[in-house]
Amino acid sequence: MATPKFEEIKQYILAQIESGQWAEDSRVPSENQLAELFGCSRMTARRGLTELTESGVLERSQGLGTFVAGLKSQSSMMAIRNIADEIKDRGHGYSVQQVSLTQASATGAIAIALGLEEGSTVYQSILVHCEQGTPLQLEERFVNPKLVPEYLAQDFTQQTPHEYLSMVAPLTEAKHTIEARMADDAQLALLNIEASEPCLQITRRTWSRQGVVSFARLVHPGSRFRLGGHLTFN
């Protein structure tokens, strides 16, 4: 089956960026130029550019054109996406280290977040998600065992916790906070960063129809990550 033209355009742009031909802030060809180059419609060319813009690879400036985005990985402030998909959508390699997957006792903050009694048993996973072999996100997640009883039986080197939880306890609600902080010694080692490196931490609670499913702390090195979004006002 032939590759759709908009995918060919995306692959072409990603190849130019990966090879270093197009550096950060370089202007990329216009919709008209891409349409002529690939023998397709402007609408098809626009789709390729739009999808790469939405995934943070490109940035569009009204009246100026489309440019290669900054090299920091970008996630949306509004959407909750699977980090493996985000990285792959940028045309980069995704890998993960499963640090631990075990039972834990819910301390005060964790118990409150999950709506459980303090000291209750919870499931805990610690993963390091990598982009091009470099640590991008340290994920520490606590899960309600009553709602996800098979959590500890999973292999999160094959699918992310987000993917698994989306299947067994579909998301109906989420709440998150974002703050700048410094990493502790264990986080410094797992993220392979210096003590002076500031980090961005996203703390997130997720619900299914049955109640609070998980509470996660997602820590990102400040030099490798940024949050962004696009809002339209009527």
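Since we're looking at a predicted model, the values are computed, not measured.

Caption draft 1: Structural context of the packing of aromatic side chains. Within the structure shown, the criterion is met by 5 aromatic pairs. Ring geometry for Tyr 12 and Trp 22: centres 5.7 Å apart, planes at 90°, overall edge-to-face. Of the two residues, Tyr 12 sits in helix H1 (residues 5-18) while Trp 22 sits in the loop between H1 and helix H2 (31-38), which places them 10 residues apart along the sequence. Counting every residue linked through ring pairs, the aromatic cluster contains Tyr 12, Trp 22 and Phe 38. The residue whose ring lies beneath Arg 47 is Phe 6, and the NZ or CZ to ring-centre distance is 3.7 Å.

Caption draft 2: Expanded view of the pairing of strand S1 (residues 58-61). Direction of pairing for S1 relative to strand S2 (residues 65-68): antiparallel, over a ladder of 4 bridges. Each residue of the ladder has a partner; that of Leu 58, found in S2, is Val 68. Hairpin geometry of S1 and S2 is characterised by an intervening segment of 3 residues between the two adjacent antiparallel strands and by a positive phi of about 85° at Gly 63.

Caption draft 3: The domain arrangement of the protein chain, seen in detail. When its domains are assigned, the protein chain resolves into domain 1 (5-68) and domain 2 (83-221). Just the C-alpha atoms count here: the centres of domain 1 and domain 2 sit 33 Å apart. If you look at the interface, domain 1 gives 5 residues, while domain 2 gives 5 residues. Note on domain 1 versus domain 2: buried area summed over both sides is about 370 Å², and carbon and sulfur give 49% of it. Broken down residue by residue, the surface that domain 1 buries against domain 2 is led by Leu 14, Glu 18 and Ser 55, which jointly contribute 81%. Our count for the domain 1 to domain 2 interface comes out at 0 salt bridges. In this structure, the connection of domain 1 to domain 2 is made through 0 residue pairs in polar contact (both at pLDDT 80 or more). Per-class residue counts for the side of domain 1 that touches domain 2 are 3 nonpolar, 1 polar and 1 charged.

Criteria and thresholds
- Residues numbered from 1 in each chain as written.
- Predicted model: local features only at pLDDT ≥ 70, side-chain atom pairs only at ≥ 80, totals over all residues.
- Heavy atoms only, no water.
- Phe/Tyr/Trp six-rings, centres within 6.5 Å; stacked < 30°, edge-to-face > 60°.
- Helix = DSSP H or I, 4+ residues; strand = E, 2+ residues; numbered from the N terminus.
- Lys NZ or Arg CZ within 6 Å of the ring centre and 35° of its normal.
- Pairing = 2+ DSSP bridges.
- Domains from an automatic or database assignment.
- Contact = heavy atoms within 4.5 Å.
- Buried area = accessible area lost by both parts, 1.4 Å probe.
- Salt bridge = Lys/Arg side-chain N within 4 Å of Asp/Glu carboxyl O.
- Polar contact = N/O pair within 3.5 Å; in protein donor to acceptor, adjacent residues only side chain to side chain.
- Nonpolar A, V, L, I, M, F, W, Y, C, P; charged D, E, K, R; others polar.

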